[in-house]
Amino acid sequence: MTLRNALLAVAAACLVGFGTAAAAQAPAGPAPVTFKLWPGPPPDGRGPSGPERIGRSGTGVGAVANISTPRIEVYRPAQPNGTAVLLIGGGGYFRIGIGHEVMPTAQWLAALGVTPVVLYYRLPGEGWTAKAPFQDGERAMRLLRAHAAELGIDPHRIGVLGFSAGGNLAGILATRFGDDFYTPVDAADRQPVRPDFAGLIYPVSSLLPPYGTTRSRRELSTQADADQAYTVQAHITHETSPSFVAHAVDDPIVKVGASIELFQDLIAHGVPAELHVFEHGGHGWGLGTPGTRPAEWPRLFASWCRSRGLLPAPAAASPFAPSAVPSPAASPAPAADADDDSDD
């Protein structure tokens, strides 16, 4: 079984039994368009050897590690509307939650006509430097804009959506887009990095006290100034991407106070922002288990995107209308976490 088919099988397993409109409308479609991020060897490090690994047990089911070929996979929706979203899974920077976070979200976005783009980024503990994920994120945004015409996407409607550690990476792209994390390698690097919008779902937004207790911080700590360099709040300006943030009060991995602080800083700098704090939900919920409060975030995010002109208004009968609560695909394990110390 190929890596893509294995991950789609995990995503399909997440959808079984829910009969959701998102699942019903998500196109099987052709194979994704894949772009290697780098024309030659990736910068800064030699990386791991051997094939990529997919977690098959515990909290790491469907998570990918041992990444030597960073890339993006672009999925074409049946009825594209021109908006694209770079999806960045969490996993504490030691694995990437492709199966339980990214693939179900990609299917849901495709059902909305959004072009989902899955990012496979390098992990610092696998022979790469702490800068590697951020280099890959910048390069991915530039490649998407360089190939926007052939992919049928609007280069001014490309956002990022990150979970947990992926929320950290998305947040750094939304704030430090003026900082080059690598030396340009080709014409694509003349394209801007700044996302047009950002969705940050239970994000690791701060590595500073009292929030610097995550696996993400530990993995990035090989860089001496990582705490300051990769704390999203430390880099917010009035030019930061408009941001949607969702978190749960009882998150045992990433303290909700970090997202509240993040939101306050966004507002203080005049950045359009929306924050949703759920009383219960824990960490690592992905799209959320149907019937739980965190499962409302996809509807809220879609409504927020429409308010910013990023999505067309839905038909009156659409299950994705702002007045309706969609039933997105569930993630296999809501509480514990793509960002903890568990092994695959």
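Small disclaimer: the values here were computed from a predicted structure and weren't measured.

Thresholds applied
- Residues numbered from 1 in each chain as written.
- Predicted model: local features only at pLDDT ≥ 70, side-chain atom pairs only at ≥ 80, totals over all residues.
- Heavy atoms only, no water.
- Helix = DSSP H or I, 4+ residues; strand = E, 2+ residues; numbered from the N terminus.
- Buried < 20%, exposed > 50% of the residue type's maximum accessible area, 1.4 Å probe, protein only.
- Contact = heavy atoms within 4.5 Å.
- Polar contact = N/O pair within 3.5 Å; in protein donor to acceptor, adjacent residues only side chain to side chain.
- Pairing = 2+ DSSP bridges.
- Right-handed = clockwise from strand over helix to strand, strands pointing away.
- Core = buried A, V, L, I, M, F, W, Y, C linked by side-chain atoms within 4.5 Å.
- Phe/Tyr/Trp six-rings, centres within 6.5 Å; stacked < 30°, edge-to-face > 60°.
- Lys NZ or Arg CZ within 6 Å of the ring centre and 35° of its normal.
- pLDDT = per-residue confidence, 0-100.

Caption draft 1: Fine view of the environment of D189. Here D189 is to be found in the loop between α6 (165-175) and β8 (198-201). Judged by relative accessible area, which is 9%, D189 ranks as buried. Once the C-alpha coordinates of D189 and R142 are considered, the two residues, 47 residues apart in sequence, prove to be 6.0 Å apart. Look past the residues within four positions of D189 in its chain and what remains in contact with it is R139, R142, Y182 and P184. A polar atom in the side chain of D189 sits 3.0 Å from the side chain of R139.

Caption draft 2: Looking closely at the pairing of strand β10 (residues 273-278). The pairing of strand β9 (residues 243-248) with β10 spans 6 bridges and is classified as parallel. Paired with S243 across the strands is A273, a residue of β10. For the segment spanning β9, helix α9 (residues 256-268) and β10, crossover handedness is right-handed.

Caption draft 3: Local environment of the nonpolar core. Of all hydrophobic cores here, the largest spans 87 residues; its most connected members are I72, L86, Y230 and W297. When residues no more than four places from it in sequence are discounted, the contact partners of L86 are I72, V117, L119, G137, A140, M141, L144, G159, V160, L161 and L173.

Caption draft 4: Summary view of the side chain of D136. With respect to the helices and strands, D136 occurs in helix α4 (residues 132-146). A distance of 2.8 Å separates a polar side-chain atom of D136 from the backbone nitrogen of R122. Excluding anything up to four places from it in sequence, D136 contacts L37, W38, P70, L119, Y121 and R122.

Caption draft 5: Fine view of the packing of aromatic side chains. Scanning all chains against the criterion turns up 16 aromatic pairs. A ring pair is formed by Y93 and F134, whose centres lie 6.0 Å apart and whose planes are at 50°; its orientation type is tilted. Here the residue Y93 occupies a position in the loop between β5 (84-88) and α3 (98-111), and F134 occupies one in helix α4, the gap between them amounting to 41 residues. Of the two residues, Y93 and F134, neither departs from the other in class, the shared state being buried. Joined through ring pairs, the aromatic side chains of W108, F163, F197, Y202, F244, F278, W285, W297, F301 and W304 make up one cluster. Just above the ring of W128 sits the side chain of R122; from NZ or CZ to the centre is 4.7 Å.

Caption draft 6: Region of interest: the confidence of the model for the protein chain. In the predicted model, the protein chain carries a mean pLDDT of 86, and the fraction of residues at 70 or more is 83%. Counting contacts from residues 6-27, a segment whose pLDDT is below 50, to residues more than four positions away or on other chains yields 44 contacts. Low pLDDT, under 50, characterises residues 316-344; the predicted model gives this stretch 93 contacts beyond four residues in sequence or across chains.

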